[in-house]
Amino acid sequence: MRRVALFLACTLCATSTVAAHPGDLVSVTPMRGPANARMWRVVYESTSLSGEQREVSGVIIVPNAPPPPGGRDVISWAHPTTGIAQACAPSRGRNLFISIPGLSTLIADGYVIAATDYPGLGTPGMHPYLVGVSEARAVIDAVRAARELPEADASDRYVAWGHSQGAQAALFVGEIAPEYAPELSLAGVIAAAPPTSLEQNLHNILGTVPGRLLAAYTLVSWSSIYDTPMDAVTHHPAIPIVKLVARQCSQTRFEASRVLITAKLLTSSMLLPAFWTSPVWVGAANENSADPARVTAPLFVIQGTSDPVVTPSITEAFVRSACADGAHVDLLRLDGGGHFWAGLTSAPFAIDWLKARFAEATPP
């Protein structure tokens, strides 16, 4: 780890000859933290989809209690959809504490919580929405950033835990972690309501207003990330509404209600038939659908049986495929459960599961 003296020297210099590495801290700002903990908003280095360095923001939360021998293990939290505009960063939001499941329990149990905003939320540039590798790198580099913060006294062990968009990010952490961050030890992956087969899920949810909202976020983000025109796959009258939706955040209940009202102007036929045959768009959907055969860490999947956004049968097919590939997978079905509260309602089960992984118990 770089020492804090080096960090302070670099932040005070106009220029620096020190090469940036993923996880290097760019800035650290103390914030008012939750009970029994300290918190900092950080900006750190990560790696973009194209392999270039890109700054990402987030928060690091450290319990006040002394660290155990060997340092504090890390929970890298990957948040659900909050929008794709720069202003939609959770670290800038008013409901940060309640948006991290089981936060008070995690603090009491002595874990460091590293919560990324993902690229483009809180920092300049387009947010790569549902772009799995880019999100996963930000989740992993948040752990590296926590280890750079002397007050965290963080170990090299971590669990990636995410909900919805964040669950996709966590699954991709399971895919890329051994190669991307071999110096860290991934103890497990928790994925609540994970979008896996993106093309299938999009097919299934376009008939719903939340589905069209998520499609709008995807269209604007991917048209930029993959440098392909939106008008080739979107009905022209829908494009101004899609762009209007994409400028709005959905962090708080008020924001979510407002953007859903705007999304009602979109129709289920907003996409042209060409979307489903376009090599670029279909290729992007396949590229960003998690591969169960590549997730090598123990996996805990949570799925509501009445989820209108992530189709339960698609999640169960993913789990069956992972099991067939010999993975250690535990599936929790939330009977009658929907999508938006899956992360919070399953938190007690998730925390029990991750504690067993850190205790090196045999995974189920």
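Every value quoted in this text rests on a predicted model; they were computed, and no experiment measured them.

Reading guide: rules and limits
Residues numbered from 1 in each chain as written. Predicted model: local features only at pLDDT ≥ 70, side-chain atom pairs only at ≥ 80, totals over all residues. Heavy atoms only, no water. Helix = DSSP H or I, 4+ residues; strand = E, 2+ residues; numbered from the N terminus. Polar contact = N/O pair within 3.5 Å; in protein donor to acceptor, adjacent residues only side chain to side chain. Axes fitted to C-alpha atoms, helices over the stretch in contact; angles between N-to-C directions. Parallel < 35°, antiparallel > 145°, perpendicular 65-115°, else oblique. Contact = heavy atoms within 4.5 Å. Nonpolar A, V, L, I, M, F, W, Y, C, P; charged D, E, K, R; others polar. Buried < 20%, exposed > 50% of the residue type's maximum accessible area, 1.4 Å probe, protein only. Pairing = 2+ DSSP bridges.

1. What to know about the side chain of aspartate 24
Within the element layout of this structure, aspartate 24 appears in the loop between α1 (4-12) and β1 (25-31). A polar contact is formed between the side chain of aspartate 24 and the backbone nitrogen of histidine 21, at a distance of 2.9 Å.

2. As for the packing of helix α7 (residues 209-225) against helix α9 (residues 253-263)
Two elements in contact, α7 and α9, have axes whose closest approach is 9 Å; the angle formed by their N-to-C orientations is 90°. What the angle tells us is that α7 and α9 run roughly perpendicular. Residues Val209, Pro210, Arg212, Leu213 and Tyr217 of α7 form the contact with α9, whose own contacting residues are Val259, Leu260 and Ala263. Classifying every residue of the contact of α7 with α9 gives seven nonpolar, no polar and one charged.

3. Considerations on the pairing of strand β3 (residues 53-63)
β3 sits mainly inside the fold: nine of its eleven residues count as buried. Sheet topology note: the strand β2 (residues 37-47)/β3 ladder contains eleven bridges and is antiparallel. Bridged to arginine 41 within β3 is valine 59. Counting the residues in the hairpin turn of β2 and β3 gives five residues, including glycine 51, whose phi is positive at 95°. With four bridges connecting them, β3 and strand β5 (residues 112-116) associate as antiparallel partners. Considered in β5, the bridge of glycine 58 is made with threonine 116.

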